[in-house]
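Architecture at a glance
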Amino acid sequence: MNAPFFLDCDTGIDDAMAIGWLAATPGVDLVGVSTVSGNLDAAGGARNTLDLLAMMGRPDVPVSVGAHDFLDHAYSGGAPEVHGVNGIGEVTLPRAAAEPTGTSGAQAIVDAARAHPGELNLLAIGPFTNIALALELEPRLPELVGRFTVMGGAAMAPGNVSELAEANVANDPLAAHTVFTAGFDLTMIGLDVTMKHVFEESHRQELLAVGTPVTTAIAQMLEYYYAFYAQRYGRPCAVLHDPLAAAVATGEVELAVAPTVPVVVDHTDGPGRGQTIADLRDVYQGFPTVYPGGTRVALEISGDFAGTLLERLSRL
Ligand code: BDR
Ligand code: CA
């Protein structure tokens, strides 16, 4: 039986791979997508999403443009050094006929949750502005949504945009704090796990060898992404942030260590701004306590995710 999924994203090269994961995974009913500014502006992210979905055989999925600006500050440019000015490594995709819905991203999230009460799988892989705005529209959202998986934060790992902060949380710390403390059934896929799962040049070559329009486009985007990560890893490769969160959301990646603990976000203007502060003090007792209302914080996953992802994207 198909399970309903709603994706909130800032498409983005690794977002594109997450969309690919959802499109290629049996049993996933992608009922809608909303975009938010992050890697690029929300409108550009929607264009990329529509074009990718059409290439992946899902031109029917409604895509809604969400927040351009963040809760307490304006969007001031994306991450062209990581994802390119157009968000997808300057690759030009065939333009899809579909246009964004006229609905706001936050309203689209609320509508999807109301249409599938208690069953919707929500996946957020960009800044959390749309989710925070959706909470304002519908305070019962945490009860209406089934499982909620986010790519964001770092519990023990260092940050990727500051010493402590991960990009999705850092873009809108107030929204992230609102979401982490709202009472969702929430799983956090942060840098603790994502930084350990990478595509190498061999994976990219295998995608090129598959030779479909989708695998070729993703391989071309990855060339750009690899150049950025080469500065951190000393070789061309790419961290699989967003597709890993998608795979956890669809239940295909097991969390080996994932305590359920309180998480708050530093949304002050101090040096810790954007830090996800997870209460991991039970580590010395093997995390026996599950805190009511806490977040499931992924610290380790099992298996070879890069191999699984390559196989999945090769179906597209
Ligand atoms: C996150 O930030 C974005 O650049 C990526 O798409 C991912 O969602 C990683 O920190
Ligand atoms: Ca993203």
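An account of the accompanying structure is given in this report. The structure displayed is predicted, hence computed values, not measured ones.

A closer look at the coordination of the calcium ion (ligand 2)
Only Asp 10 (OD), Asp 15 (OD), Asp 15 (OD), Ile 125 (O) and Asp 242 (OD) from the protein coordinate the calcium ion (ligand 2), and they sit 2.3 to 2.7 Å from it. Donor residues binding the calcium ion (ligand 2) come from one chain and are separated in sequence as D-x4-D-x109-I-x116-D. Of this pair, Asp 10 sits in the loop between strand 1 (3-9) and helix 1 (13-24) while Ile 125 sits in the loop between strand 4 (120-124) and helix 5 (129-137), and the two are 115 residues apart along the sequence.

Some remarks on the packing of aromatic side chains
Tallied over the full model, the rule gives 7 aromatic pairs. Centroid distance Phe 70 to Tyr 75: 6.3 Å. Interplanar angle 70°. Geometry classified as edge-to-face. Taken individually, Phe 70 and Tyr 75 each receive the classification buried, so the pair is uniform in this respect. With 5.1 Å between their ring centres and 80° between their planes, Phe 228 and Tyr 229 make a pair best called edge-to-face. Assessed through its relative accessible area of 14%, Phe 228 is described here as buried. Feature note: the residues Tyr 225, Phe 228, Tyr 229 and Tyr 233 constitute an aromatic cluster, connected by ring pairs. Against the face of Trp 21 rests Arg 312, its NZ or CZ located 4.3 Å from the ring centre.

Things to note about the packing of helix 5 against helix 8 (residues 173-180)
Following both chains from N to C, one finds helix 5 and helix 8 inclined at 55°, their axes separated by 8 Å at the closest point. Classified by the angle their axes make, helix 5 and helix 8 are oblique. As helix 5 runs across helix 8, the sense of the crossing is left-handed. Residues Thr 129, Ile 131, Ala 132 and Leu 135 of helix 5 form the contact with helix 8, whose participating residues are Ala 175, Thr 178 and Val 179. Per-class residue counts for the contact of helix 5 with helix 8 are 5 nonpolar, 2 polar and no charged.

Reading the values: rules and limits
- Along every chain, residues carry numbers that run from 1 in the direction the sequence is written.
- Whichever chain is written first is A, and whichever ligand is written first is 1; the rest continue in order.
- Per-residue local features are limited, in this predicted model, to residues with pLDDT of at least 70; the limit for side-chain atom pairs, both in listing and counting, is 80 or more; totals at the level of whole chains, interfaces and linings are taken over all residues.
- Note that the side-chain values use all heavy atoms of the structure and ignore hydrogens as well as water.
- Each metal's donors are the N, O and S atoms found within 2.8 Å of it, except that Na, K and Ca use a 3.2 Å limit; water is left out, so coordination can look incomplete.
- Only DSSP runs of H or I covering at least 4 residues are called helices, and only runs of E covering at least 2 are called strands; the numbering of each starts at the N terminus.
- Centre distance within 6.5 Å is the pairing criterion for rings of Phe, Tyr and Trp, where only the six-membered ring of Trp is used; planes under 30 degrees apart are then read as stacked, over 60 as edge-to-face, and the remainder as tilted.
- For every residue, the accessible area obtained with a 1.4 Å probe (protein chains only) is divided by the maximum for its type, and the residue is called buried under 20%, exposed over 50%, and partly exposed between those limits.
- Charge over a ring is defined by NZ of Lys or CZ of Arg lying within 6 Å of the ring centre and within 35 degrees of the ring normal.
- In this analysis an axis means a line fitted to C-alpha atoms, helices contributing only their contacting stretch, and an angle means the value between N-to-C directions, from 0 to 180 degrees.
- Angle categories are assigned with fixed cut-offs, so that under 35 degrees is roughly parallel, over 145 is roughly antiparallel, 65 to 115 is roughly perpendicular, and the rest are oblique.
- Each crossing gets its hand from how the near helix is turned against the far one by less than a right angle, where anticlockwise is left-handed and clockwise is right-handed.
- Only heavy atoms matter for contacts: two residues are in contact if any of them lie within 4.5 Å across the pair.
- In this count, Pro and Cys sit with the nonpolar residues alongside Ala, Val, Leu, Ile, Met, Phe, Trp and Tyr, while Asp, Glu, Lys and Arg are called charged and the others, Gly among them, polar.

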